[in-house]
Amino acid sequence: MTDPTTQLIHHPYQPPAGFDAPLPALHKASTVFFPNVAAMRTRDWKDKSGYTYGLHGTPSSFTLEERIATLEHGKHAVLLPSGLAAVACASLALLKTGDEVLIPDNAYGPNKALTEGELAGWGITHQYYDPMNVADLAARINERTRLVWLEAAGSITLEFPDLLEQVRLCHARGVTCVLDNTWGAGLAFNPFDLDGQGLGVDVSVHALTKYPSGGGDVLMGSVVTRDEALHRRILLTHMRLGFGVSAGDTETLLRALPSIALRYHAQDQAARQLARWCAQQPVFAQVLHPALAGSPGHAHWQQVCGAAAGLFSVMVDARYTQSQVDAFCDGLRLFRLGYSWGGPISLVVPYDLAAIRARGWPAHLARGTVVRFSAGLEAVADLQADLAQAAQRAFGI
Ligand SMILES: *Cc1c(COP(=O)(O)O)cnc(C)c1O
């Protein structure tokens, strides 16, 4: 072994043993070595008893999976390259041709786009149900219904559904329910034990891009279960579709997770203060935040939650023009225009709700233009002053 090329590859240096530090070691792999052919034939990655290939898991990805399962009060987790990939993995694992899936009309938009644009082509039908009316969901469950998506709070308009009754209904009718738990993040409520008596969803999907990352710089998703059989189906679909996560992103998530609760609760407090301030401004016909009395589903939020994500929306009164709403958003200096949330920088997005909702304008929402805010980690007084100056200039208040 004299050629320097070979020496570089088979280098004899071994670091001293016994290194231990807060961040677990980072392992990167596509190829994983086996000591012999017998090990190659018998090793199993599915129960995490061994390593076979980078896509099937490394010590780093197994560690992050265990921590995400713990965060969500589940038993098993799989990791995916984005939250949307996690949504897709859950639907693909649990649905086949001829099945029907029910989705709340206030669901995360790309989940609806996936269902309409991809699943429909594979003979999987869907219906959108009213998230605020359990009877409507009950009436839509039929012999082809295999999956019910739940979201609490809903995307953009942040209605909190009667999660307990929705889950009870799904269990009573023998339909698997999957919660998009990105908003709750495992911190606002326990998705697998909503009532303290074990009533819980079957599967929890989480866009780790949001609070677990906390940086606005990483995309990742997870699918968590407590049920062995469901986990097995999801794990196999995950493997067959070739979903995996990068070692670098895994490291970033492991670095960010220890501060998630601090960040979540700080952003919760900031959003509540800003939402309460907005509720005092007549320019906003409605302020949507489930912890605010009078916000749609507030009583349901109180039933299962203590905390809330740092998100709120305002319905700018219909007497203001779209260009005034745009000027309001453009006039913000600290709130930046951008999608996603959970990072250190406050964000704002105006939405065209009429174009998003399949079932028409919901009766519980005032007419107007929806603007959604996500509180970052800036000082709240500065954020409030920013809202005030932009509103003053755009609406003349
Ligand atoms: C952001 C988000 C997703 C998707 O996450 P990405 O990582 O951006 O793909 C899914 N569901 C909800 C509720 C989200 O907010």
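As a reminder, the structure under discussion sits directly above these lines.
Residues numbered from 1 in each chain as written. Predicted model: local features only at pLDDT ≥ 70, side-chain atom pairs only at ≥ 80, totals over all residues. Heavy atoms only, no water.

Asker: I tried to follow the sheet that holds strand 8 (residues 284-288) on my own but got confused; where do I start?
Answerer: An order of 8-9-12-11-10 is seen for the five strands of this open sheet, with the pairing classed as mixed. In this open sheet, the two strands that pair with only one neighbour each are strand 8 and strand 10 (336-337). Pairing of strand 8 with strand 9 (residues 311-317), which is carried by four bridges, proceeds in the antiparallel orientation. What sits directly across from Phe284, in strand 9, is Val316. Helix-sheet contacts for helix 10 (residues 260-279) involve strand 8 and strand 9, and the interaxial angle to strand 9 is about 15°. (Pairing = 2+ DSSP bridges. Helix = DSSP H or I, 4+ residues; strand = E, 2+ residues; numbered from the N terminus. Contact = heavy atoms within 4.5 Å. Axes fitted to C-alpha atoms, helices over the stretch in contact; angles between N-to-C directions.)

Asker: Mind showing me how you'd approach the nonpolar core here?
Answerer: As a rule of thumb, soluble globular proteins bury nonpolar side chains together. One finds Ile68, Leu150, Phe160, Trp183 and Phe189 to be the most contacted residues of the largest nonpolar core, which totals 51 residues. Where this core is concerned, the elements lending two or more residues are helix 3 (59-71), strand 1 (76-80), strand 4 (145-151), helix 7 (163-172), strand 5 (176-180), helix 9 (247-256), helix 10 and helix 11 (298-304). The element that contributes the greatest number of residues to this core is helix 7, accounting for five residues. Two domains each provide a minimum of three residues to this core, namely domain 1 (37-258) and domain 2 (259-395). Residues within four places of Phe189 in sequence aside, it is in contact with Ala152, Phe160, Leu163, Leu179, Asn181, Trp183, Gly184, Leu194, Val304 and Cys305. Residues Ala275, Phe373, Ala375 and Ala390 belong to the second largest nonpolar core, which totals 30 residues. (Core = buried A, V, L, I, M, F, W, Y, C linked by side-chain atoms within 4.5 Å. Buried < 20%, exposed > 50% of the residue type's maximum accessible area, 1.4 Å probe, protein only. Domains from an automatic or database assignment.)

Asker: Any chance you could explain the site of the ligand here in plain terms?
Answerer: Taken together, the neighbourhood of the ligand is formed by Ser82, Gly83, Leu84, Tyr108, Glu151, Asp180, Thr182, Ala207, Thr209, Lys210, Leu219 and Trp341. Take Leu84: an N or O atom from its main chain is 2.8 Å from an oxygen atom of the ligand. Between Thr209 and the ligand, the recorded distance is 2.5 Å, taken from a side-chain N or O atom to an oxygen atom. About the coverage of the ligand: the protein hides 89% of its 380 Å² of free accessible area. Of the residues that constitute the shell around the ligand, the class distribution is five nonpolar, four polar and three charged. (Near = heavy atom within 4 Å. Polar contact = N/O pair within 3.5 Å; in protein donor to acceptor, adjacent residues only side chain to side chain. Areas by Shrake-Rupley, 256 points an atom, 1.4 Å probe, with all protein chains shown as cover. Nonpolar A, V, L, I, M, F, W, Y, C, P; charged D, E, K, R; others polar.)

Asker: Can you help me understand the pattern of salt bridges in this one?
Answerer: Once their charged atoms are close, side chains differing in charge can pair, the charge on each being opposite to the other. All told, the structure shown has 13 salt bridges when counted by the stated rule. Note that Arg144 and Glu100 form a salt bridge whose closest N and O atoms lie 3.2 Å from each other. Of the two residues, Arg144 sits in the loop between helix 6 (134-140) and strand 4 while Glu100 sits in strand 2 (residues 100-104), which places them 44 residues apart along the sequence. For Arg144, a relative accessible area of 33% corresponds to the partly exposed category. Overlapping salt bridges bring together Lys48, Glu65 and Glu66 as one network. (Salt bridge = Lys/Arg side-chain N within 4 Å of Asp/Glu carboxyl O.)

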